[in-house]
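Summary of structural features
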Amino acid sequence: MSYLVLARKWRPQTFSDLIGQEHVSQTLKNAIDTGRVAHAFLFTGARGVGKTSSARILAKTLNCEQGPTTEPCNSCPACKEITEGNSVDVFEIDGASNNGVDEIRELRDNVKYLPSHSRYKIFIIDEVHMLSNSAFNALLKTLEEPPPHIKFIFATTEPHKVPITILSRCQRFDFKRIPLTMIVARLRYIIDQEQVSMSDAALTMVARKGDGSMRDSLSTLDQVLAFCGEKVDDAAVVAILGVVARQLLLEVVRLVIARDTSGLMALVAQVDASGCNMRNFCNELIVQMRALLLLNSAPKSADLLDLSELELQESLQLAQNCDLVTLQRFISILLKAEGEMAHSSFGRLLQEMALIRMATISPVVTVDELLGKLNALTAGGSNAPLAADPSPVSYRPAAQRAQAGSQNSVPRTAAPVTPRETAPAANHDTADSKRSWQGFVAFAKARRPMLGTKLEKASPLQTVDNALKIGYHKGTLELTMMQEEESRKLLLELAAEYFGTAMTVTIVTLNGSEESLPQSIAEKKSAESARSEQELRIAVENHPAVKATMSIFGGEIVSMKKA
Ligand SMILES: [Zn+2]
């Protein structure tokens, strides 16, 4: 193996070597093909995604003896010098260490002279945002009126720190994080060239550690190779990188779905024994659950996830076995545990509790599923499906219910509520149906609400033959008040007006020993509401949908409401 670190040894030398930045290389190639090459470029993006490499490739495409060309030959002196970093016409300046005005003044003086033996003088300024303000001002003079033989290529991880006056004079290219699958593919190519044996799973762990940066991924690979030599096994990579093997995370999900708590506990023990930090493990699990959530809710969202092809296939399969609501509950449980781990020395216990909770969680039944089940069950008993029935708990007479005929049990009939309620009160009422006691109370209530309310509570003992005789129970407030002269007078007036003739009015004191008293209006009302409640309950209890619900899911009728 070479002593050169992989990142340098495998630095891309042509645009086709450049991974994950096709949008950049394509635009630059087009510019070169059409001869419309800008005089200043700004390459922005995270570290290790190919900015400096691209700057060197661009320099070569412009200065190659075969060029300008989209594919530099990499064999002419100009190309070789640039690769080796000793071209007299290509200047690489590190903005981080050369942030003074002096360096830029020197650069400005240098700009005046023609390139010594190349087509262009090219200034590559890395970390350009680190330049001081006066350095920027000095640079700006050159950028405003650049000589035709000068090209600037600026690179930065923080474009927002570059003054707008500079930005506006550059053609800007935003470099992206490199997708995991692309990094893995590139690592696979390099590993094969280096004749090292390493699994895809191990390469994925290395690439994931690089977090979208090719340089960081290659540095990690260097670290692994330094430890393992030419045969790398997965367990060693897990140990070196301190990561949780993805297979282990997928196994957790499988065990949770299978509700295998003892399997889960064994797995936590295994993770703990491997020295992995429990909170880290929990974090990884959350990331894995998020992947399942995304794949479940939007199967085409795979692009949003950093998963290798194998992991993607396995995750897709698992995602199909879960429902969205359950996945969300899993994530809440894990997030809670993760938060608690920050303040606790019982990380393993918290992780175990979370996993047990996940494995024993009761399944969620959605309303749609419930209705579906009910429709299926009541299909034989009810004429119409539940959803199509506009009033699912409508009252039907007992006879009609019996005709429906699906129930094996004898339908309960509405029993009379009270004998008193049904006893005819006709002999107490006036023959003239238009002039009834009920009508009089309503009339009185409209005129004199206070008096009307008292009349509602009276037992109408006689309302015929020009005589009004009403009774109140002994000791009631109504009795006392109605016996007052003023009330009697008012009652006489109202009665005369309503019945159309002079009436005698008698207030009787009831002592509770009377038999078969006619009901007061208030009593009638309360009896009616009790009866209607009872009828409603019977109707609801006998409704096929309700019967099915109670028999399948258990439960009782707590309250009813008329629609
Ligand atoms: Zn060349």
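Note that this is a predicted model, so its numbers are computed, not measured.

This part is about the overall build of the protein chain. Broken down by element type, the protein chain carries 26 helices and 8 strands. Within the span of the protein chain, comprising 563 residues, buried residues form 29% of the whole. Taking the intrachain contacts of the protein chain between residues at least 6 apart in sequence as the baseline, contacts between residues at least 24 apart amount to 73%.

Before going further, it helps to spend a moment on unusual backbone geometry. Its identity as a non-glycine residue notwithstanding, Gln-195 has a phi of 55 degrees, on the positive side. You can see Gln-195 is positioned in the loop between helix H8 (180–193) and helix H9 (200–210). Exposure remark for Gln-195: the 8 C-beta atoms within 10 Å place this residue in the exposed category. Within the chain, Asp-465 stands out as a residue other than glycine whose phi angle is a positive 55 degrees. Note on placement: Asp-465 falls in the loop between strand S6 (459–462) and strand S7 (467–473). Looking at Asp-465, the number of C-beta atoms within 10 Å reads 10, which means it is exposed.

With that out of the way, let us pick up the confidence of the model for the protein chain. The predicted structure's coordinates, where accompanied by low pLDDT, should not be read in detail. Averaged over all residues, the pLDDT of the protein chain equals 83, while 88% of them reach at least 70. Contacts from residues 382–431, a stretch scored under 50 in pLDDT, to residues over four places away or in other chains number 63 contacts.

Nonpolar side chains in soluble globular proteins tend to be buried together. Judged by nonpolar contacts, the single largest core of 89 residues is most densely connected at Phe-41, Phe-43, Ile-124, Ile-153, Phe-154 and Val-206. Counting residues per element, this core draws most heavily on helix H14 (residues 278–297), at 8 residues. Excluding residues within four positions of it along the chain, Phe-154 makes contact with Phe-41, Leu-42, Phe-43, Ile-125, Val-128 and Cys-170. In terms of nonpolar packing, the next biggest core, distinct from the first, is built from 15 residues, Leu-491, Ala-495, Met-503 and Ile-521 among them.

This next bit is on the sheet that holds strand S3 (residues 121–126). A sheet is described by the order of its strands in space; here 5 strands give the open sequence S2-S3-S4-S1-S5, paired in parallel fashion. On the outer flanks of this sheet lie strand S2 (90–94) and strand S5 (171–174), each paired with one strand and no other. Averaged over all pairs of adjacent strands, the angle between strand axes in this sheet comes to 15 degrees, irrespective of strand direction. Two strands pair when backbone bridges link them, and S3 and strand S4 (residues 150–156) are joined in this way by 5 bridges, in the parallel orientation. Across the sheet, the residue bridging to Phe-123 is Phe-152, located in S4.

So, on to helix H6 (residues 133–144). For H6, with 12 residues, the first-to-last C-alpha span of 16 Å sits near the 16 Å given by 1.5 Å per residue. Regarding H6, the residues found buried are Ala-135, Ala-138, Leu-139 and Thr-142. Buried residues of H6, seen end-on, are gathered within an arc of 95 degrees and therefore sit on one face of the element. Summarising the geometry of H6, the exposed residues directed more than 90 degrees from the buried face are Asn-133, Lys-141 and Glu-144.

Let us now look at the packing of helix H3 (residues 51–63) against helix H4 (residues 77–84). Contact geometry of H3 with H4 gives a least axis separation of 9 Å together with a crossing angle of 165 degrees. By the angle class used here, H3 and H4 are roughly antiparallel. Note that H3 runs across H4; the crossing there is right-handed. Here H3 contributes Arg-56, Ala-59, Lys-60 and Asn-63 to the contact with H4, which in turn contributes Ala-78, Cys-79 and Ile-82. Residues that form the contact of H3 with H4 fall into these classes: 4 nonpolar, 1 polar and 2 charged.

Time to look at the environment of Pro-77. Structurally, Pro-77 is set in helix H4. Sequence separation between Pro-77 and Glu-65 is 12 residues, and the spatial gap between their C-alpha atoms is 8.0 Å.

Let us now look at the sheet that holds S6. Spatially, S6-S7-S8 is the arrangement adopted by the 3 strands of the open sheet, whose pairing is mixed. Here the strands that pair on one side only, and so sit at the sheet edges, are S6 and strand S8 (504–510). Each adjacent strand pair in this sheet contributes to an overall mean axis angle of 30 degrees, direction not counted. Pairing of S6 with S7 involves 3 bridges; the strand directions are antiparallel. Opposite Pro-460, over in S7, you have Ile-470 as the bridge partner.

This paragraph deals with the environment of Ser-199. Tracing the backbone shows Ser-199 in the loop between H8 and H9. Taking the C-beta count within 10 Å as the criterion, Ser-199 has 12 such neighbours and is therefore assigned exposed. Between the C-alpha atom of Ser-199 and that of Asp-234, which follows or precedes it by 35 residues, the distance is 7.1 Å.

It is worth spelling out the packing of helix H12 (residues 246–257) against H14 at this point. In the contact formed by H12 and H14, the axes pass within 10 Å of each other and the chain directions differ by 65 degrees. When the axes of H12 and H14 are compared, the pair comes out roughly perpendicular. Once H12 is placed against H14, the crossing between them reads as right-handed. Contacts from Leu-249, Val-252 and Val-253 in H12 reach Glu-284, Leu-285, Gln-288 and Leu-292 in H14.

It is worth spelling out the environment of Asp-126 at this point. Here Asp-126 shows up in strand S3. Remark: the alpha-carbon pair of Asp-126 and Thr-52, spanning 74 residues in sequence, is separated by 7.3 Å. When neighbours within four sequence positions are excluded, Asp-126 is seen to be in contact with Thr-52, Glu-92, Asp-94, Gly-95 and Ala-155.

Cut-off values and rules
Residues numbered from 1 in each chain as written. Predicted model: local features only at pLDDT ≥ 70, side-chain atom pairs only at ≥ 80, totals over all residues. Helix = DSSP H or I, 4+ residues; strand = E, 2+ residues; numbered from the N terminus. Buried ≥ 20, exposed ≤ 12 C-beta atoms within 10 Å, placed from the backbone. Contact = placed C-beta atoms within 7 Å. pLDDT = per-residue confidence, 0-100. Core = buried A, V, L, I, M, F, W, Y, C linked by C-beta atoms within 7 Å. Pairing = 2+ DSSP bridges. Axes fitted to C-alpha atoms, helices over the stretch in contact; angles between N-to-C directions. Expected span 1.5 Å × (residues − 1). Arc of directions from axis to C-beta. Parallel < 35°, antiparallel > 145°, perpendicular 65-115°, else oblique. Left-handed = near helix turned anticlockwise from the far one by under 90°. Nonpolar A, V, L, I, M, F, W, Y, C, P; charged D, E, K, R; others polar.

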